[in-house]
Amino acid sequence: MAKGSNNRMRWIIAATVIGLVVIVGFGAWQLRAVADSDAGGANASLTQDPNLYRGDIRQAYIVAHDHPELLAQLDCYCGCEQNEGHKNLLDCFRTNHGASCDICTGEAITGGQMLAQGTPIDQIRDALRTRYGHGG
Ligand SMILES: [Zn+2]
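Residues numbered from 1 in each chain as written. Predicted model: local features only at pLDDT ≥ 70, side-chain atom pairs only at ≥ 80, totals over all residues.

Caption draft 1: Highlighting the packing of helix H2 (residues 55-66) against helix H6 (residues 102-116). Viewed as axis vectors pointing N to C, H2 and H6 meet at an angle of 60°, and their least axial separation amounts to 8 Å. In terms of their interaxial angle, H2 and H6 are classed as oblique. As H2 packs across H6, the resulting crossing turns out to be left-handed. Contacts from Asp56, Ile57, Gln59, Ala60, Val63 and Ala64 in H2 reach Cys104, Thr105, Ala108, Ile109, Gly111 and Gly112 in H6. Across the contact of H2 with H6, the residue classes tally to 7 nonpolar, 4 polar and 1 charged. (Axes fitted to C-alpha atoms, helices over the stretch in contact; angles between N-to-C directions. Helix = DSSP H or I, 4+ residues; strand = E, 2+ residues; numbered from the N terminus. Parallel < 35°, antiparallel > 145°, perpendicular 65-115°, else oblique. Left-handed = near helix turned anticlockwise from the far one by under 90°. Contact = placed C-beta atoms within 7 Å. Nonpolar A, V, L, I, M, F, W, Y, C, P; charged D, E, K, R; others polar.)

Caption draft 2: Main features of the environment of Leu128. For Leu128, the position within the fold is in helix H7 (residues 121-132). The class for Leu128 is buried, based on 22 C-beta atoms found within 10 Å. Through-space distance from the C-alpha of Leu128 to that of Thr110 is 7.9 Å; in sequence the pair is 18 residues apart. If we skip the residues at most four places from it in the chain, Leu128 touches Leu74, Glu107, Thr110 and Gly111. (Buried ≥ 20, exposed ≤ 12 C-beta atoms within 10 Å, placed from the backbone.)

Now the structure itself:
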């Protein structure tokens, strides 16, 4: 008699532990998903207003504004990554740096065109390195 209820007790404890592990694991996964979506949204409007500029420069700022996730994954080859501490091409368009630099502008416009054609980002990155990365 006593032995049987002991066994049942052990099963209840085991089931409770498994349940807790599942709940905690799911909670942590949810928290991570929320943190990820926050990080994505924060990039959205940090670039300068394209309407401050004209022509090619304006076009480049439009690409930066519309596709920050693309430029954040591309390198800039104008030297600003060494000289100004930029981490990627998106940084060039957070200030007026991109407006004074043919390389930044050219990379953004080319990248935007390739993205519009459905080119995967790793291929865009390779194409820009080939075209602008010489001697950099
Ligand atoms: Zn640059």
